[in-house]
Structures are given as structure tokens and as C-alpha cells.
Amino acid sequence: APAPPPARHHFSDSVEVETLRGNLLAWYDRCKRDLPWRALAATELDADRRGYAVWVSEVMLQQTQVATVIDYYNRWMQKWPTLQALAQASLEEVNELWAGLGYYSRGKRLQEAARKVVSELAGHMPRTAEDLQKLLPGVGRYTAGAIASISYGQATGVVDGNVIRVLCRLRCIGADSSSPAVIDRLWDMANALVDRSRPGDFNQALMELGATVCVPKAPLCGECPVKQHCQARCRKLFGKSIPVPDVEDCGVGDCPLCPPATEPWDSSLGVTNFPRKAAKKQPRVMRTATCVLERRGSHGAPEYLIVQRPSSGLLAGLWEFPSIPLAQDLQEKKEREVLADHLQAWMGQPVAAKGLQLIGEVTHIFSHIHQTYVVYSLPLDGDMTLAPASSPSRWVTEEEFHASAVSTAMKKVLE
């Protein structure tokens, strides 16, 4: 078989670009998933509601799988169908609905931006990616491009994790895909490729391709509508290409977009050689002592004390059982003493460390933290009035606990 041409890191052939656009859009029209935000954006909403509907979906989909988002999105849009409705909600309500979705600052920033649109922009969404990014807090380059193209028809590209994977494979870009040089090149490529007549559909098609066909492992290359344009697939089929320079090719041996010499093409990986990513930092390891204080409520049902976290930082504003970080390698006796001292802030009286019952440990993985909760229980006799403490606190039944803005980790602790 003839050797394929050397890998090109850009699209310079206008015929190839038009063919790629047409094939991708035709595939999207046939195969796109039925998702609630797409259905909503396709209805006869006014421009601001359409932009808001797309905005909410894009924020929820950051770092979160589609299957998880669907129910949250439906509940959110039912509760706050407009920007104005969201702007009038309390942060507590937002946190309660967001609970379990993770990355809780997303909901807070979304509401802050909605309030800004209502108070400073007369309730009207910005219409371009540039203005969306400039005027709305928490809206970055990707989210701005998605809203502008899908809702308002601006011919601007988008680059998310799925698009990075697709473009890196199409053009054999093997340098670290998180590096500024690669990200800039990918944005240039996305802006050049986007279909001018259907920019929103094209961007969604590119993301859909990465989510359903050009997946990280075991991609379905045979089903790919743009496989004839894929340099990585070409390389897999024909082996390592002969490095014959071409006027349109990268500089052989000295290209910032090619795989580094220390990580050569691995024929066993095929197209999954791309994209290359920098090694992940190891998550921080943390231990936290948590106490479930329990009393009998007025109707005989158990009630639990929950306290509110600070308004900034990890899990900002959410509710949890009284907790305190632990130094590593503490003995259990010392852990009990540290926790007992901490509980006095809410009890208003000394707490005997020996009265704390060790239940077990719960592990929860955040994006950058490997968190272990050492769970203790402390049943209380009779009625009890909480002492004033620096953080808000309240007693809740199990039903009220699950309806509150509590993290998935705290639900594990109660279980």
C-alpha cells in the first residue's frame, strides 16, 4: 500500500473543509441524541430565554456527564424557566437544587451572572461570544462560544474536551493538549472549520462526535462520518508516515504540535495516541473528623445537627455535620479529643471524648482532593439548645437533611 502523506496540523484545502462540514452535519441530523436542552433551544423561545436555556445546560455539563445532568436540568428549568426567576432565587435554593451535581461554585456563579443580566443589562443576554465572556461573570471562552453559536447563530468555534480529542486525532496533534500553543491552534482550527450557515449545529455535532464516536478509548472509527479526513486513522492504517517535507507540513523534527521524541507513536494504541496530556497531579490527601449529633425530635423521630460551611472555598455555603480537618497520622484517641473540643462551639458545654462512638470511614474523591471522613456518632439525651456559634446551624430530620443543600459526601456519612 502507498504510504500516506505526512501529517498536517491544519486544514488548508477548502474542498476538504466543505466535505468535512457536510458529512459531519448530515451525520448529526441522523444520529444526534435527544437531549432536553436541545429540544428547548429548538422551540420558539425568545432570544433571551433561548440563550438562558443553552447557558444553564453548558454550565451543568462542565465536568459532569450528560446522563447525570438531564434530571438536574429538567428540575432547574421547571423551577426557574427564565433569567428573571433565577435572579430572584436565594443562594440556598440554588445550592439545594445543585446538591449532588458537584463543583458547586458553578451554580453560585450562574445565579450571580443572572442577577447582573437583570440589574445591569435590562434582562437581555449579550449576543456575541466576546460580550458574553466580557460581561458575564463565570462565563469563559468555551461557554461564550457555545451560547453565541447555538442560541444566536454567531459563526464562532468552540473547544471543549471532546473537540480537543477530535481535532487532535484529525490532524495528528500529539503535543500536550493542555499547553497554550496547542489550545491556541485548536481554537484557530475550530473557528476556521465552523459552518457559517449552521454554526450551532456544527459545534454540537463536533462535540457529539467526541462524546459518542471519537471516544477516549476504543473509538468507533468505522462509524465516524469524517474518517477520511482523519490523519491519526490514516497513520494507523498505513503505519508511520514517511517524513517527506511538504510546503504545508510542519517542520520535520522540530514541531511544537507533534508528539515529543520521548513519546513516539505507539502502533498498539492507534488513534488513541492522540491527544497527549500532561501527567495529572496527584490529588491532595486529607482526613476530616465528622460527628453526627443525634437527638429525638418533638415527634419522636431522630434529628441531626447540620452546620453551614463558609461562603467561599470548597463546597461553599453547603451544609454538613460538624467537621474538622485532621493532621495526618493522628492516633484515634487524639482524633477524638480534637473533635470533642470542636463540638463545644455548638454544644456550649464540654464534650467527653470517650462518649464519641467511632462508626467508620467514608472516602470521597473530589477533583483535586482524596478526602477521608472519619465518622463519629454522639446520641444526645433530652432536649438541647444550641450555643451561639460562628456558623449557622440547625436540627433536621432525615427527610429535611436530604432536601437541604448537602454534598454527596455528607449523604454517604449519614448512610
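Since the structure is predicted, the reported quantities are computational estimates derived from the model, not experimental observations.

Student: Can you lay out the domain arrangement of the protein chain for me, pointing to particular residues and giving the numbers?
Tutor: Annotation of the protein chain at the domain level lists domain 1 (7-223) and domain 2 (284-414). On a C-alpha basis, the centroid separation for the pair domain 1 and domain 2 is 38 Å. The interface of domain 1 with domain 2 comprises 8 residues on the first partner and 15 residues on the second. Looking at the side of domain 1 facing domain 2, the largest losses of area belong to E92, N95 and Y104, adding up to 52% of the total buried there. At the junction of domain 1 with domain 2, the criterion picks out 0 salt bridges. Our count for the domain 1 to domain 2 interface comes out at 2 residue pairs in polar contact (both at pLDDT 80 or more). Ranked by residues supplied to the side of domain 1 that touches domain 2, first place goes to helix α6 (residues 91-98) with 3 residues.

Student: Tell me about empty space enclosed by the protein, residues and numbers included.
Tutor: For the structure shown, the criterion picks out 2 cavities of 30 Å³ or more. Within this model, the largest cavity holds a volume of roughly 120 Å³. For the lining of the largest cavity, the leading source of residues is helix α10 (residues 161-170), giving 3 residues. In this structure, the second largest cavity encloses a volume near 60 Å³. Forming the walls of the second largest cavity are W55, V59, Q62, R106, R109, L110, A113, P137, G138 and V139. If one sorts the elements of the lining of the second largest cavity by residue count, helix α7 (residues 105-120) sits on top with 4 residues. Residue composition of the lining of the second largest cavity, by class: 6 nonpolar, 2 polar and 2 charged.

Student: Before we move on, can you summarise the pairing of strand β6 (residues 369-379) with the specific residues and values?
Tutor: Where a strand is regular, its side chains alternate between the two sheet faces. Most of β6 sits inside the fold, with 9 of its 11 residues counted as buried. Looking at chain direction, strand β1 (residues 284-296) and β6 are connected through 11 bridges and run parallel. Of the residues in β6, the one forming a bridge with T290 is V375. Where strand β5 (residues 357-365) lies against β6, 8 bridges are found, and the strand directions are antiparallel. Bridge pairing in β6 places H364 opposite Q371. Hairpin connection from β5 to β6: 3 residues lie between these consecutive antiparallel strands.

Student: Help me get a handle on the pattern of salt bridges, residues and values and all.
Tutor: Counted by the stated rule, this structure contains 15 salt bridges. Residues D48 and R127 are paired through a salt bridge, measuring 3.1 Å at the closest nitrogen-oxygen approach. One end of the pair, D48, is in helix α3 (residues 47-61); the other, R127, is in the loop between α7 and α8 (129-135), with 79 residues separating them in the sequence. For R127, a relative accessible area of 36% translates into the label partly exposed. Note that D131 is salt-bridged to K134, the shortest N-O span being 3.8 Å. Here the residue D131 and the residue K134 both occupy positions in helix α8, the gap between them amounting to 3 residues, near one helical turn. Since its relative accessible area comes to 63%, K134 is described here as exposed. Overlapping salt bridges bring together D29, R198 and D201 as one network.

Cut-offs and rules
- Residues numbered from 1 in each chain as written.
- Predicted model: local features only at pLDDT ≥ 70, side-chain atom pairs only at ≥ 80, totals over all residues.
- Heavy atoms only, no water.
- Domains from an automatic or database assignment.
- Contact = heavy atoms within 4.5 Å.
- Buried area = accessible area lost by both parts, 1.4 Å probe.
- Salt bridge = Lys/Arg side-chain N within 4 Å of Asp/Glu carboxyl O.
- Polar contact = N/O pair within 3.5 Å; in protein donor to acceptor, adjacent residues only side chain to side chain.
- Helix = DSSP H or I, 4+ residues; strand = E, 2+ residues; numbered from the N terminus.
- 1 Å grid on protein atoms, 1.4 Å probe; cavity = no way out; pocket = protein on both sides within 12 Å on 5 of 7 lines; lining within 4 Å.
- Points joined across faces, edges and corners; volume = space filled by probe spheres on them.
- Nonpolar A, V, L, I, M, F, W, Y, C, P; charged D, E, K, R; others polar.
- Buried < 20%, exposed > 50% of the residue type's maximum accessible area, 1.4 Å probe, protein only.
- Pairing = 2+ DSSP bridges.

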